[in-house]
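This is what each chain is made of:
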Amino acid sequence: MNKLTEYFKTLKEKWNNLSKKKRIVIILLTSGIIFSSIILFVYLNRVTYATLFSNLEPQDSEKIITKLNEDKIQYKIKGNSILVPEEKVDELRMTVLSDGYMPSSGKGFELFDEGKFGVTDSEARIMYQRALEGELARTIESFEEVEKARVHLVMPQETVFTRDTDKATASVTLKLKATNTLSPEQVKAIVALVSGSVKNLPKENVEVIDSNMNLLSENLFNDISPTGTVSALKQQEYEKQFENGLQNDLKKMLENVFGAGRVSVKVNADLDFDSKEITTIKYDKDSIVRSQHKIKENASDSLGKDTGNSPIDNNTSNNIVNSGNQSSNSNREEETTNYEIGETKENVVKAPGEVRRMTVSVVIDGNLSFEEKQSIQNIVAAATGYNQERGDTINIEALAFNQEAKKKLESDLAAMQKQEEYEKKKKFYIQVGAASAALILLVIALIIYRRKKNNEDFEEDKPSHTIDLMVGDNIVPKQSIAYEPILDDNDEGMTLEQELKNYANKKPEQVAEVIKTWLAEDER
């Protein structure tokens, strides 16, 4: 503590010995350093805001702002968007959505929460339709690709007559996000969602359009005709998908061997989209006994003398006269056997899309030997399902690729990336350098000032050649210094110590200045 007190005391004495101008310069330099440090600290610790929700309805904004105020979260309002600290965007979105504050374009079934008395059947039907439209719009807006959605339903009035029942219709208007598009499968999903949510609404009665007036549901369910055939446009799309899939697989596999950019693959497939049904009946060569029937008869007859006439014989005048007794025996045996031939019936239905014929062309950059071409051909045949019987062909060639366009494109992309990185770094360096440059300049100025001040103090505190020049009352340049002798001439026996004591008693102020000068030299 004593050393610290002495240090502050010495510092205070030095400050008091400074001139007014020097004090002002020191105060300005110190204030500049502190101010620059504060600016740099604020810049490096500034809060970056990002969009939490945008394009909000007033009622949705009010709910979200209330939630943020309850949680004491900093936010900003810019137009119809709400901004929050960037590092809290994902967390706040999950919190807001989980608490039921999901932004919507309209009310859903909460319309029925508003108690109303005396509602007629027509009003109730309209409220139900509005609520259903709002709920469907909310569900569609929850998809990542959709920014806004509007649903309009036309629900016919129910009737007791079945023949007079009309089908419901619906239209869906979508506003997609900037870089998003919807595939046919995604449009079908939206149509299925709306159709399944509304009574008596077939999928064909749902129309979907986007904000650019494109009818997304056009020919959506006309890919397959009632006879089972595929439309011509869809056939081309299926063939292209099949060819691209094989090309990408072959190219990726061969590039692992020859390197990226050194392989070119082209697949041309002819698909059969005819629907076929084949029935095949096969008969077994071995017959099977299905049933067997046997009949046996035994008969014995005895004829007398007067026997042998009958009504038939009498009518035909055929008289038989037996002169004696005769007897006859007859046996009859009948066997019937039914055979059945084995039969096998096979019914085969071939789905559209069978490969009718396929050709594959592969070009490799460089030179290939015959053995290498044969190896590549075997690989391609195995990967594509090569079938010689249906006329498939594979062609392998080795040629030198033209790399000029590719090199130029790569150089342009690299230059663009470097330019973007340079602009980002330049902006960052300018911002940080502006603050640090001011700080550096202030530090340099302070160092120069301190050096100058030390030189001035050294010149002021530099001792003279003789003590008389420092403590004498009158200084005459270029002349011998005349001073009043302290000791008398007759006091020869007085020592130097006594002389100094007498001098200090007579002129204590001058002696004190001399001592301070000595102490200052010792400190340096």
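Residues numbered from 1 in each chain as written. Predicted model: local features only at pLDDT ≥ 70, side-chain atom pairs only at ≥ 80, totals over all residues. Heavy atoms only, no water.

### Re the overall build of the chain
Okay, so step 1: Per the secondary structure count, the chain includes 13 helices and 11 strands.
Okay, so step 2: Sequence-distant contacts in the chain: of pairs separated by 6 or more residues, those separated by 24 or more amount to 69%.
Okay, so step 3: Put simply, the chain shows about 39500 Å² of open surface, and 52% of that area lies on carbon and sulfur atoms. (Helix = DSSP H or I, 4+ residues; strand = E, 2+ residues; numbered from the N terminus. Contact = heavy atoms within 4.5 Å. Areas by Shrake-Rupley, 256 points an atom, 1.4 Å probe, with all protein chains shown as cover.)

### Details of the environment of Ile-73
Okay, so step 1: Summarising the element assignment, Ile-73 is placed in the loop between α3 (58-70) and β2 (76-78).
Okay, so step 2: Not counting residues within four places of it along the chain, the set of residues in contact with Ile-73 comprises Leu-68, Lys-88 and Leu-92.

### A word on the confidence of the model for the chain
Okay, so step 1: Confidence along the chain averages 76 in pLDDT terms, with 76% of residues attaining 70 or more.
Okay, so step 2: Across residues 304-313, confidence stays below pLDDT 50; counting only partners more than four residues off in sequence or on other chains, it has 13 contacts.
Okay, so step 3: Counting contacts from residues 486-493, a segment whose pLDDT is below 50, to residues more than four positions away or on other chains yields seven contacts. (pLDDT = per-residue confidence, 0-100.)

### Let's talk about the packing of helix α7 (residues 232-258) against helix α9 (residues 370-384)
Okay, so step 1: Interaxial distance between α7 and α9 falls to 11 Å at its minimum, and their mutual angle equals 145°. Our pair here, α7 against α9, has a crossing hand that is right-handed. Facing Leu-246, Leu-250, Met-253, Leu-254 and Phe-258 of α7, the residues of α9 in contact are Ile-376, Ile-379, Val-380, Ala-383 and Thr-384.
Okay, so step 2: The residue makeup of the contact of α7 with α9, split by class, is nine nonpolar, one polar and no charged. (Axes fitted to C-alpha atoms, helices over the stretch in contact; angles between N-to-C directions. Left-handed = near helix turned anticlockwise from the far one by under 90°. Nonpolar A, V, L, I, M, F, W, Y, C, P; charged D, E, K, R; others polar.)

### Thoughts on the sheet that holds strand β4 (residues 146-154)
Okay, so step 1: Taken together, the three strands give an open sheet; going across it, the order is β4-β5-β6, and neighbouring strands pair in mixed fashion. The open sheet has two free edges, formed respectively by β4 and β6 (206-210), since each of these has just one partner strand. With direction set aside, neighbouring strand axes in the sheet form an average angle of 15°.
Okay, so step 2: Bridge count for strand β5 (residues 169-176) against β6 is five bridges, and the pairing is parallel. Of the residues in β6, the one forming a bridge with Leu-174 is Asp-210.
Okay, so step 3: In this fold helix α5 (residues 121-141) packs onto β4 and β5, with an angle of close to 155° to the strand it touches most, β4.
Okay, so step 4: Sitting on the sheet, helix α6 (residues 184-197) is in contact with β4, β5 and β6, with an inclination near 135° to β6. (Pairing = 2+ DSSP bridges.)

### Considering the pattern of salt bridges
Okay, so step 1: Summed over the entire model, instances satisfying the criterion amount to eight salt bridges.
Okay, so step 2: The partner of Asp-71 in a salt bridge is Lys-67, and the shortest N-O contact between them spans 3.7 Å.
Okay, so step 3: On the basis of relative accessible area, Lys-67 is assigned to the buried category, the value being 13%.
Okay, so step 4: For Asp-365, the salt bridge identified is with Arg-262, shortest N-O distance 3.9 Å. Placement of Asp-365 in strand β10 (residues 354-365) and of Arg-262 in the loop between α7 and β7 (263-272) is noted, with a sequence separation of 103 residues between them.
Okay, so step 5: Accessibility expressed as a relative area gives 16% for Asp-365, which makes it buried. (Salt bridge = Lys/Arg side-chain N within 4 Å of Asp/Glu carboxyl O. Buried < 20%, exposed > 50% of the residue type's maximum accessible area, 1.4 Å probe, protein only.)

### What to know about the side chain of Gln-247
Okay, so step 1: You can see Gln-247 is positioned in helix α7.
Okay, so step 2: Dropping the residues within four chain positions of it, Gln-247 is found in contact with Val-265, Lys-266 and Val-267.

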